[in-house]
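If you want the building blocks of each chain, they are given just below.
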Amino acid sequence: MRLRSFVAAVAATAMGISLAACGGGDKNDSSGGGSGGDQTLTYWASNQGTSLDNDKEVLTPVLQKFTQDTGIKVNLEVIGWNDLQTRIQTAITSGQAPDVVNIGNTWAASLQATDAFLPFDGDAMGAIGGKDKFVPTALATGGKEGTDPTSVPLYGLAYGLYYNKAMFAAAGLQPPKTWEEMVTDAQKLTNPAKKQWGMALAAGSYTENVHFAFINAAQNKADWFDKDGKPTFTGDGNVQGVLRYLDLMQKDKVANPSNAQYDNGTKSVNDFATKKVAMVINQNNADSSIVANGMKAGEYGVVPFPAPSGAEQVASHVAGINLSVFKNTKHKDAALKFVKYMTDAQTQTTLGKPFSSLPVLKDAKPVFTTDAAEAATFQDVYNTKSKPLPLVPAEDQFESTVGKAMNSMFAKIATGGTVTADDVKAALKTAQDQVAAGS
């Protein structure tokens, strides 16, 4: 998830506006930061299930149990992702904010820079059970490195390489462990004359594209920003990582050029589920879409997205949803009780299956699938082979500029053009200049 020019927009509209009115609790409640009594928290949840109504059905009994345990009521509103960033921005600038809100974890540093959210310092972190309960890579998404985070992990997600077991068996292939093996397998499983392709890519989705720009560069031990938060897009590791991903369509020819029109991951997943392609790279919540499109759970397997031989073993960015508390909530203690409840082991297990999420707690077991091997693969990727996207305020601009540049390069390849390393470097230089000018 991303947050377009969030800090700039807030800075432009929030000058001189006090956040004293923040806090969506009961306006008649004068119990301050205490817990229990007649307090009511307002909670904005992001859409995680099949619909807004589905989320309400899943969350309502969970929130009712919290009320039974604590006496604290929760006023739930589920907000779609297309609207959530605007709602949060408006809440910050107007002062009419909820108490607790879900955020895409890649928004964390941008939101932190608005100074509108409660830092999880020693006391606040202790109130929710301590930092040691979380998977370290998940907790690292909570804000800028070296600062107290202003969000904590709630739902985890990670990328994996899904493969069709029957296609691999018929070709005498084993699931790939390296990038080179993945490309070789994909080439053997590609037959354009039969409309059969080795892989499907969401090559028209700038969010998917930038995720793989990041992952491939991380495998090259490359960074997109320096320690001061300045963009370093044109480094050789970044250029070569992007080119390696583009070459799946260009040089390796294992992805249908029409994938350049796939503007979301669902389209590539559907091609895999309907057995038009042998492999697809997607997050673990793809399972429900795969099965809904007619592919049985036993017909596919999952392995980590492979790196080139000898490269850094980064298989995903740390994907998922975090939880934040508005700094000026009138019910700080109650809000922290709620965050503790939402991130405890029992609640994580309850919500893990319907929301197809990975647990963000150490030693917790995933419940989104009954396939033990798949569950173990995704949890290992999330816990040990993932790296947070850049924890800088300009992260949203990185996603937009680099991702859209890759959209354009894939479109050029799809129409018969060629993209060289110099072309990639030039495109990244343009993106870098745009980010530098806006920061």
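Residue numbering note: each chain is counted from 1, following its sequence as written. Only residues with pLDDT of at least 70 are given local features in this predicted model, and only at 80 or more are side-chain atom pairs given and counted; all residues enter the totals for whole chains, interfaces and linings. Excluding hydrogens and water, the side-chain figures rest on all heavy atoms present in the structure.

The name recorded for the chain in an unreviewed UniProt entry is Carbohydrate ABC transporter substrate-binding protein (CUT1 family), from Kribbella pratensis.

Engineer: It is not clear to me how the pattern of salt bridges should be interpreted in this structure. Could you clarify?
Structural biologist: Pairing between side chains of opposite charge can happen when their charged atoms approach one another. What counts as a salt bridge is simple: a side-chain nitrogen of Lys or Arg found within 4 Å of a carboxyl oxygen of Asp or Glu. Applying the stated criterion across every chain, the model contains 10 salt bridges. The closest approach of N and O atoms between D380 and K385, which form a salt bridge, is 2.5 Å. Note on exposure labels: buried denotes an accessible area under 20% of the residue type's maximum, exposed denotes more than 50%, and partly exposed covers the range between, all computed with a 1.4 Å probe on protein chains only. When its relative accessible area of 22% is taken as the criterion, K385 is described as partly exposed. Measuring nitrogen to oxygen at the nearest pair gives 2.9 Å for the salt bridge that ties D433 to K429. Here D433 pairs with K429, and both are found in helix α17 (residues 421-438), just four residues apart, close to one helical turn. Owing to a relative accessible area of 39%, D433 belongs among the partly exposed residues under this scheme. According to the relative accessible area criterion, K429 is partly exposed, its value standing at 39%. Counting from the N terminus, the helices are the DSSP runs of H or I reaching at least four residues and the strands are the DSSP runs of E reaching at least two.

Engineer: Would you explain the side chain of D287 in this entry?
Structural biologist: Residue placement: D287 occurs in helix α12 (residues 287-292). Counted as a polar contact is a pair of N or O atoms within 3.5 Å, where, for protein atoms, one must be capable of donating a hydrogen and the other of accepting one, and residues adjacent in sequence contribute only when both atoms are in side chains. There is a polar contact of 2.6 Å between the side chain of D287 and the side chain of Y162. In what follows, residue pairs with any heavy atoms lying within 4.5 Å of each other are defined as contacts. With near-sequence residues (within four places) excluded, D287 lies in contact with Y162, Y300, F368, T369 and E374.

Engineer: Any chance you could explain the domain arrangement of the chain here in plain terms?
Structural biologist: Note on interface size: it is often stated as the accessible area lost on association of the parts. By the assigned domains, the chain splits into domain 1 (20-157 + 319-386) and domain 2 (159-317 + 394-438). Just so you know, the domain bounds were taken from an automatic or database domain assignment. Centre-to-centre separation of domain 1 and domain 2, based on C-alpha positions: 30 Å. Each side of the interface is counted separately: domain 1 has 16 residues, and domain 2 has 20 residues. For the pair domain 1 and domain 2, the number of links is zero salt bridges.

Engineer: Help me out: how do you make sense of the packing of helix α10 (residues 236-246) against helix α16 (residues 395-414) in this one?
Structural biologist: Each pair of packed helices gets described by two things: the angle between the helix axes and the distance between those axes. Note on definitions: angles span 0 to 180 degrees between N-to-C directions of axes, and those axes are lines fitted to C-alpha atoms, for helices only across the stretch in contact. Close contact between α10 and α16 brings their axes to 11 Å; oriented N to C, the two are set at 40°. With respect to each other, α10 and α16 are oriented oblique. Our pair here, α10 against α16, has a crossing hand that is right-handed. Counting all contacts with α10, which are made through V242, Y245 and L246, the residues of α16 involved are M406, M409, F410 and I413. Here roughly perpendicular refers to angles of 65 to 115 degrees, roughly parallel to angles under 35, roughly antiparallel to angles over 145, and oblique to all remaining angles. Here a crossing is called left-handed whenever its near helix is offset anticlockwise from the far helix by less than a right angle, and right-handed whenever the offset is clockwise.

Engineer: How should unusual backbone geometry be read in this particular structure?
Structural biologist: The phi torsion of most residues other than glycine is negative, and most of the peptide bonds are trans. Residue K221 is not a glycine yet carries a positive backbone phi of 60°. Residue placement: K221 occurs in the loop between α9 (206-219) and α10. By relative accessible area, which is 64% here, K221 ends up exposed. Backbone geometry at D363 places phi at a positive 70°, although glycine is not the residue there.

Engineer: How do you make sense of the sheet that holds strand β7 (residues 277-283) when you look at a structure like this?
Structural biologist: Where strands meet in a sheet, backbone hydrogen bonds hold them as pairs that are either parallel or antiparallel. Pairing between strands requires that DSSP locate at least two bridges from one strand to the other. Taking strand neighbours across the sheet as the criterion, the four strands line up as β6-β7-β5-β8 in an open arrangement whose pairing is mixed. The open sheet has two free edges, formed respectively by β6 (197-200) and β8 (300-303), since each of these has just one partner strand. When strand polarity is set aside, the average angle formed by the axes of neighbouring strands in this sheet is 25°. Set on the sheet, α9 makes contact with β5 (159-164) and β7; between it and β5 the angle comes to about 105°.

Engineer: How should I be thinking about α10 in this particular structure?
Structural biologist: Since one α-helical turn is 3.6 residues long, residues separated by three or four positions face the same way. A large share of α10 lies buried, amounting to nine of its 11 residues. Of all the positions in α10, only G237, N238, V239, G241, V242, L243, R244, Y245 and L246 are classed as buried. Looking at the buried positions of α10, the neighbouring elements they touch are α8 (179-188), α9, α16 and α17.

Engineer: I would appreciate a short explanation of the environment of A202 in the present structure.
Structural biologist: Mapped onto the secondary structure, A202 falls in the loop between β6 and α9. On the basis of relative accessibility, which here comes to 5%, the residue A202 falls in the buried class. In sequence terms A202 and N264 are 62 residues apart; their C-alpha atoms lie 5.7 Å from each other. When neighbours within four sequence positions are excluded, A202 is seen to be in contact with E208, N209, N259, Y262, N264, G265 and S268.

Engineer: Help me understand the pairing of β5 in this model?
Structural biologist: Summarising burial for β5: six of the six residues are buried, a large majority. Of the two faces of β5, the one holding Y159, L161 and Y163 and the one holding G160, Y162 and N164 are both buried throughout. Of the pairings in the sheet, the one linking β5 to β7 comprises five bridges and is antiparallel in character. Among the inter-strand pairings, Y159 is bridged to a residue of β7, identified as Q283. As paired elements, β5 and β8 share four bridges and run antiparallel to each other. Pairing of L161 across the sheet is with V303, part of β8.

Engineer: I keep staring at the sheet that holds strand β4 (residues 152-157) and nothing clicks. Help me out?
Structural biologist: Ordered in space as β2-β1-β3-β10-β4, the five strands form an open sheet in which the pairing is mixed. The strands lining the two open edges of the sheet, one partner per strand, are β2 (73-79) and β4. Within the sheet, the average angular offset between the axes of one strand and its neighbour, ignoring direction, is 20°. Relative to strand β3 (residues 100-104), strand β1 (residues 40-46) runs parallel, the two being bridged by two bridges. Within the sheet, the bridge partner assigned to Y43 lies in β3 and is V100.

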